[in-house]
Amino acid sequence: MPILPSFTKRSIDALAAAPAGTRLYYEDARTPSLRLAVTDRGAKSWVVQRRIGGRVTRITLGRYPDLTPENARKKAEQVVGEIAAGYDPQEQKREARAKRLTLQEAFDEFLKRRQLKPATQASYGYAIKGPLRDWLPRPMMSITKDVVAERHAKLSLTSPGHAASAMRTFRSIWNFAAAGYEDASGESLLGPNPVDRLSKTKAWHRLKRRDTYIREQDLPAWFDAVQALRAEPWSSTAKTVGDYLMLLLLTGLRRREGSDLMWEQIDFSARTLRVLDTKNHDDHVLPLSDFLMELLRDRATHRDGSAHVFPGASPSKPFRDPKKQLRKVIERSGVDFCLHDLRRTFCTAAESLDLSHYALKRLLNHRMTGDVTAGYIGKNIERLREPMQRITNFFLNAANQPSTSSVITFPSSLRYQHDVSRVSLPR
C-alpha cells in the first residue's frame, strides 16, 4: 500500500485515477489508520482501516475535498479511540439500517431475491397489500407481537383463511429479512419473529382443506353444459373455455398449467403434451388419450396463428379469467365447482380404477420423495398411455358420452368411489 509522506491538497489533487475496475488506497504517514481511497473514476474518500473482532474493517469518514486532510485526521483519531473503547461503527450502522427497514422494502427485496412464479408473486402481493397494506410504510421492528395478534384477531372476524394467509406471508418476509440483518455474532437484529405469538397462544385457525370434486352422478349434466360451450363458434371465448375445461378434467393439470399451454408443447407425432416449469420445477410429460388428440387437432386447425393453445382476447396472450363461462356451466348443470375441483376429480377417478401408486403420482406430477424404489423406476411415458386412456374412457362412459377408443375396456366392478377419505387429494 503506497504511503504519502504528507496528505496535502496539492499531493491529493495530483493523484491519478486507479486502473479500471480497481481501487487504490494511500496510507497517511502521520495517522497510520487513515487511508485515502481513489476509484477508477478518480473519486477520493477518507477511510479508517482497523481490525475489529479479528476482521479488517474499513469505515468511511467522508469524501474529499468536502472533508479536508486535517479534519480527516481528527475524525480518524476519534473513531480509532471509540474502537479501542469497544465501539463498533459498522455494527451501529447495521443496527440503524435494521431499525429503518420498512415492510415494503423487505417485501420488495423478498420478491427480488426469491425465484417465484408470477402466480405465487401475485398471491403474496394479495396477502400483504390487501389486509396488511397499512403496515407497508412502517419499520419492521415497530410491528410487535401485540400488533400482529390484534390484526390477526381482527382479520379472523371476516375471513380466517385470509387472516392465516396474511400472517404466514408476513412471517416468511420477516424470516427472510432477519437473515439479511445480523450482528457480528450472527444473531438477527430484527429480533424474534412476532408471528410466533400466534403459535404460542394457539391462535391459528384450523382450516378445513377443500376436498370437493364432481361426483359420478353429476358428470352427465356437467358434460352436457361443457359440451354446450364447445358447440359455440371457434371465435368465441365459450368454445375456448369449454375445450380448456375438458383438458383439465382429462389430464388433471393445474389451472395455469392448462391455460398457459403453447403449441410447441404439443407433440402430435408422439401424442404427448409437455408442461414446462411446473409447481415442483420438473417438466411434466403426459400421453394424450384419443379424445384429447381429437380435441387438440381440431384446435390446431383453427389456431389462427396464435402460439397459445387457449388464446385470450389478444392472440399473443393466453386467456386468464373464465369466470363468466364457469357460471354458465354451473347454472346449466347445477354442479357447483371450481377449476381445482377438476384436478381432484381426475385424481379420484384414477384412484378408483386401481392404477398403480407410481402411475398415479406420475400422472399428477407428484415427486416420490423418500421412496428409494421410485428412483429405480424408469420414466417411460408410454407406460402411462394405457392408464390415461382408461381414465378418459371412464369419464366418457360415466357421462354417457361416446368413447373415442374401442380398444380399452374395464370391468363394471371398477366404479367411481364416492368415499374420497382414502384418496390422497392433489394440491
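This is a predicted model, so every value here is computed, not measured.

Draft legend 1. Fine view of the nonpolar core. One finds Trp222, Phe223, Leu245, Leu273 and Phe395 to be the most contacted residues of the largest nonpolar core, which totals 56 residues. Of all the secondary-structure elements, those providing two or more residues to this core are α9 (219-230), α10 (237-251), β7 (272-275), α12 (290-301), α13 (323-333), α14 (339-352), α15 (357-363) and α16 (385-398). Here this core takes nine residues from α10, the largest share from any one element. Ignoring any residue separated from it by four or fewer positions in sequence, one finds leucine 273 in contact with Leu247, Thr251, Leu253, Leu261, Gln265, Ile266, His284, Val285, Leu286 and Leu288.

Draft legend 2. The side chain of threonine 272, seen in detail. With respect to the element layout, threonine 272 can be found in strand β7. Overall, threonine 272 belongs to the buried group, its relative accessible area being 11%. Each residue touching threonine 272, except ones within four places of it in the same chain, is listed here: Gln265, Ile266, Asp267, Val285, Leu286, Pro287, Leu288, Ile381 and Arg385.

Draft legend 3. A look at the packing of α10 against α13. At a minimum axis separation of 10 Å, α10 and α13 run at an interaxial angle of 70 degrees. Between α10 and α13, the crossing angle belongs to the class labelled roughly perpendicular. Facing α10, whose interface residues are Thr237, Ala238, Val241 and Leu245, α13 presents Gln325, Leu326 and Val329. Classifying every residue of the contact of α10 with α13 gives five nonpolar, two polar and no charged.

Draft legend 4. Local environment of the sheet that holds strand β6 (residues 266-267). If you trace the three strands from one edge of the open sheet to the other, you get β6-β7-β8, paired in antiparallel fashion. Two strands lie at the open edges of the sheet, namely β6 and β8 (284-287), each paired on one side alone. Relative to β8, β7 runs antiparallel, the two sharing four bridges. Bridging from a neighbouring strand, threonine 272 pairs with proline 287 of β8.

Draft legend 5. Structural context of the pairing of strand β2 (residues 23-28). Note: β2 against strand β3 (residues 34-39), five bridges, orientation antiparallel. By the bridge assignment, leucine 24 is partnered in β3 with valine 38. If you look at the hairpin formed by β2 and β3, you'll find five residues sitting between the two strands.

Draft legend 6. Geometry of the environment of alanine 72. By the secondary structure assignment, alanine 72 is in helix α2 (residues 69-84). Sequence separation between alanine 72 and tryptophan 46 is 26 residues, and the spatial gap between their C-alpha atoms is 6.8 Å. Look past the residues within four positions of alanine 72 in its chain and what remains in contact with it is Leu34, Trp46, Leu61 and Leu67.

Draft legend 7. Focus on the packing of aromatic side chains. This structure, assessed with the given rule, holds 13 aromatic pairs. On the basis of an interplanar angle of 80 degrees and a centroid distance of 5.9 Å, the ring pair of tryptophan 222 and phenylalanine 337 is categorised as edge-to-face. Of this pair, tryptophan 222 sits in helix α9 while phenylalanine 337 sits in the loop between α13 and α14, placing them 115 residues apart in sequence. In this structure, tryptophan 222 and phenylalanine 337 share a single accessibility class: buried. An aromatic cluster is present here, built from Phe7, Trp46 and Tyr64 joined pairwise through their rings. Here arginine 168 stacks its cationic end above the ring of tryptophan 204, 4.8 Å away from the centre of that ring. Lying over the aromatic face of tryptophan 234, lysine 239 brings its terminal NZ or CZ to 4.3 Å of the ring centre.

Draft legend 8. Geometry of the pattern of salt bridges. As enumerated under the stated definition, the model contains 18 salt bridges in all. Each of Asp28, Arg30, Glu70 and Arg73 takes part in one network of salt bridges that share partners.

Draft legend 9. Summary view of the confidence of the model for the protein chain. Overall, the prediction assigns the protein chain a mean pLDDT of 85, with 87% of residues at 70 or greater. The low-confidence segment residues 372-378, where pLDDT is below 50, has seven contacts with residues more than four positions distant or belonging to other chains. In this model, residues 406-427 is a region of pLDDT below 50 whose contacts with residues beyond four sequence positions or in other chains number 55 contacts.

Draft legend 10. Representation of helix α6 (residues 145-158). Its 14 residues give α6 an end-to-end C-alpha distance of 21 Å, which sits within 8% of 20 Å, the value for a rise of 1.5 Å per residue. When we look at burial in α6, the residues that qualify are Val148, Arg151, His152, Leu155 and Ser156. Summarising the axial view, the buried residues of α6 lie within an arc of 135 degrees, below the 170-degree limit, and thus occupy one face. Opposite its buried face, α6 presents the exposed residues Asp146, Glu150, Lys154 and Leu157, each directed more than 90 degrees away.

Criteria and cut-off values
- Residues numbered from 1 in each chain as written.
- Predicted model: local features only at pLDDT ≥ 70, side-chain atom pairs only at ≥ 80, totals over all residues.
- Heavy atoms only, no water.
- Core = buried A, V, L, I, M, F, W, Y, C linked by side-chain atoms within 4.5 Å.
- Buried < 20%, exposed > 50% of the residue type's maximum accessible area, 1.4 Å probe, protein only.
- Helix = DSSP H or I, 4+ residues; strand = E, 2+ residues; numbered from the N terminus.
- Contact = heavy atoms within 4.5 Å.
- Axes fitted to C-alpha atoms, helices over the stretch in contact; angles between N-to-C directions.
- Parallel < 35°, antiparallel > 145°, perpendicular 65-115°, else oblique.
- Nonpolar A, V, L, I, M, F, W, Y, C, P; charged D, E, K, R; others polar.
- Pairing = 2+ DSSP bridges.
- Phe/Tyr/Trp six-rings, centres within 6.5 Å; stacked < 30°, edge-to-face > 60°.
- Lys NZ or Arg CZ within 6 Å of the ring centre and 35° of its normal.
- Salt bridge = Lys/Arg side-chain N within 4 Å of Asp/Glu carboxyl O.
- pLDDT = per-residue confidence, 0-100.
- Expected span 1.5 Å × (residues − 1).
- Arc of directions from axis to C-beta.

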